[in-house]
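# Close look at the chain arrangement
For reference, the chains in residue letters:
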Amino acid sequence: MKEKGEKIVCLTAYDYCLARILDESGIDILLVGDSLGSVVQGHDSTLPVTVDDVIYHTKAVVRGRRRALVVSDMPFMTFQLGVDEAKRNAGRLVQEGGAESVKLEGGVTQAATIEGLVKMGVPVMGHVGLTPQSVHQFGGYRIQGRGEADARAILDDAMAVEQAGAFAVVLEGMPVQLAREITQRVSIPTIGIGAGMHCDGQILVVHDMLGLFDDFTPKFVKRYANLKETIGGAVRSYMEEVRTEAFPAEEHTFH
Ligand code: KIV
Ligand code: NA
């Protein structure tokens with residue numbers, strides 16, 4: 001798709017029902033992201049998410065999809081402790097969860113781990129730039145790669161990820177010019193989020209783009225629906241009808 005200039009369109013998914021809707025709509029990649037820590041579990045970061053959490057949600061997503069590629073996120077502390085530990089956890093995401101590939105955050109520092117997973121037969125998606133598992137290192141969720149040295153470091157990260165054998169790389173939270181340069185310099189597809197229009201594909205957190213989650217809305221999110229409002233309206237109608245005995249009606253009633 002990169003060679004043909006066809007954009008790769010990706011969304012996160014965490015359960016059967018939504019995975020099925022996204023898959024039937026023709027989404028290319030479903031990411032079982034550790035963003036589930038925020039939008040499913042209600043934490044204020046991705047750090048508390050465990051590999052068992054991601055396995056649980058991966059199983060549900062896999063049951064709902066027919067054609068999309070399923071990528072499962074490797075949570076914090078499941079790959080940073082060494083290649084063997086990473087292999088064990090990636091293996092579980094594939095064997096128990098049913099994922100076809102995994103994603104992990106980091107560039108130069110994770111190259112040996114990416115290489116180890118690829119050699120064991122697990123395709124890896126990289127993730128560089130604003131990597132949320134390093135939020136405390138960054139001192140907040142801040143756009144990365146603004147200065148020349150920082151931009152160079154992120155370019156090095158992306159190239160290290162490609163060199164290590166990753167099949168694609170997420171570029172998160174960086175200036176559009178940097179994402180364009182990386183996209184030109186690597187042969188693997190770049191999947192952007194908060195990285196501008198020049199990436200080979202785009203990803204959003206599905207709860208953000210559907211307007212289900214509004215605790216905070218980063219600048220890079222576009223709302224394509226306002227399901228929070230839609231659901232609230234449906235629930236208020238239901239309450240009203242139960243209270244006025246308009247529901248259940250004759251057609252919902254057994255005799
Ligand atoms: O966890 C996630 O949803 C992600 C994407 C936003 C890239 O890592
Ligand atoms: Na993630």
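The rules behind each value
Residues numbered from 1 in each chain as written. Chains lettered and ligands numbered in written order. Predicted model: local features only at pLDDT ≥ 70, side-chain atom pairs only at ≥ 80, totals over all residues. Heavy atoms only, no water. Near = heavy atom within 4 Å. Areas by Shrake-Rupley, 256 points an atom, 1.4 Å probe, with all protein chains shown as cover. Nonpolar A, V, L, I, M, F, W, Y, C, P; charged D, E, K, R; others polar. Core = buried A, V, L, I, M, F, W, Y, C linked by side-chain atoms within 4.5 Å. Buried < 20%, exposed > 50% of the residue type's maximum accessible area, 1.4 Å probe, protein only. Contact = heavy atoms within 4.5 Å. Donors = N, O, S within 2.8 Å, 3.2 Å for Na, K, Ca; no water. Helix = DSSP H or I, 4+ residues; strand = E, 2+ residues; numbered from the N terminus. Pairing = 2+ DSSP bridges. Axes fitted to C-alpha atoms, helices over the stretch in contact; angles between N-to-C directions.

Our next topic: the site of ligand 1. Contacts to ligand 1 come from T12, L31, G33, D34, S35, D73, K103, H127, V170, I193 and V205. Protein coverage of the free-state accessible area of ligand 1, which is 250 Å², stands at 95%. Residue composition of the shell around ligand 1, by class: four nonpolar, four polar and three charged.

Once that is clear, we can look at the nonpolar core. Ranked by internal contacts, the top residues of the largest apolar core, which has 56 residues, are L171, M174 and I182. Sequence-distant contacts of M174, defined by excluding residues within four places in its chain, comprise V128, G129, I143, Q144, I154, A179, I182, G194 and A195.

A separate point is the coordination of the sodium ion (ligand 2). Around the sodium ion (ligand 2), the donor atoms from the protein are D34 (OD) and D73 (OD), and they sit 2.3 Å away. Here the residue D34 occupies a position in the loop between β2 (29-32) and α2 (36-39), and D73 occupies one in strand β3 (residues 69-73), the gap between them amounting to 39 residues. The pair formed by D34 and D73 is uniform in burial state, with each residue classed as buried.

Attention now moves to helix α5 (residues 111-119). Among the residues of α5, those classed as buried are A111, T113, I114, G116 and L117. Check the buried side of α5 and you find it contacts α4 (83-97), β4 (101-103), β5 (124-129) and α7 (148-163). Just past α5, the residue G121 takes up positive phi, approximately 105°.

With parallel pairing, the eight strands of this closed barrel are ordered in space as β1-β2-β3-β4-β5-β6-β7-β8. Between one strand axis and the next, the sheet turns through 25° on average, direction left out of account. The pairing of β2 with β3 spans four bridges and is classified as parallel. Bridge pairing in β3 places V32 opposite S72. Relative to the sheet, helix α3 (residues 51-64) contacts β2 and β3, its axis offset from that of β3 by approximately 170°. Those strands touched by α7 are β5 and β6 (168-172), and its axis lies near 175° from that of β5.

Take the environment of E115 next. Position of E115 among the secondary structure elements: in helix α5. With relative accessibility at 36%, the residue E115 sits in the partly exposed group. Along the chain, E115 and D34 lie 81 residues apart, while their C-alpha atoms are 22 Å from each other.

Our focus in this paragraph is the environment of G201. You can see G201 is positioned in strand β8 (residues 201-204). Sequence separation between G201 and V161 is 40 residues, and the spatial gap between their C-alpha atoms is 17 Å.

When you line up the elements, T46 lands in the loop between α2 and α3. Residue class for T46 comes out buried when judged on its relative accessible area of 6%. When sequence neighbours within four positions are dropped, the list of residues in contact with T46 reads D34, S35, P132 and Q133.

The values are spatial; any link to function lies outside them.
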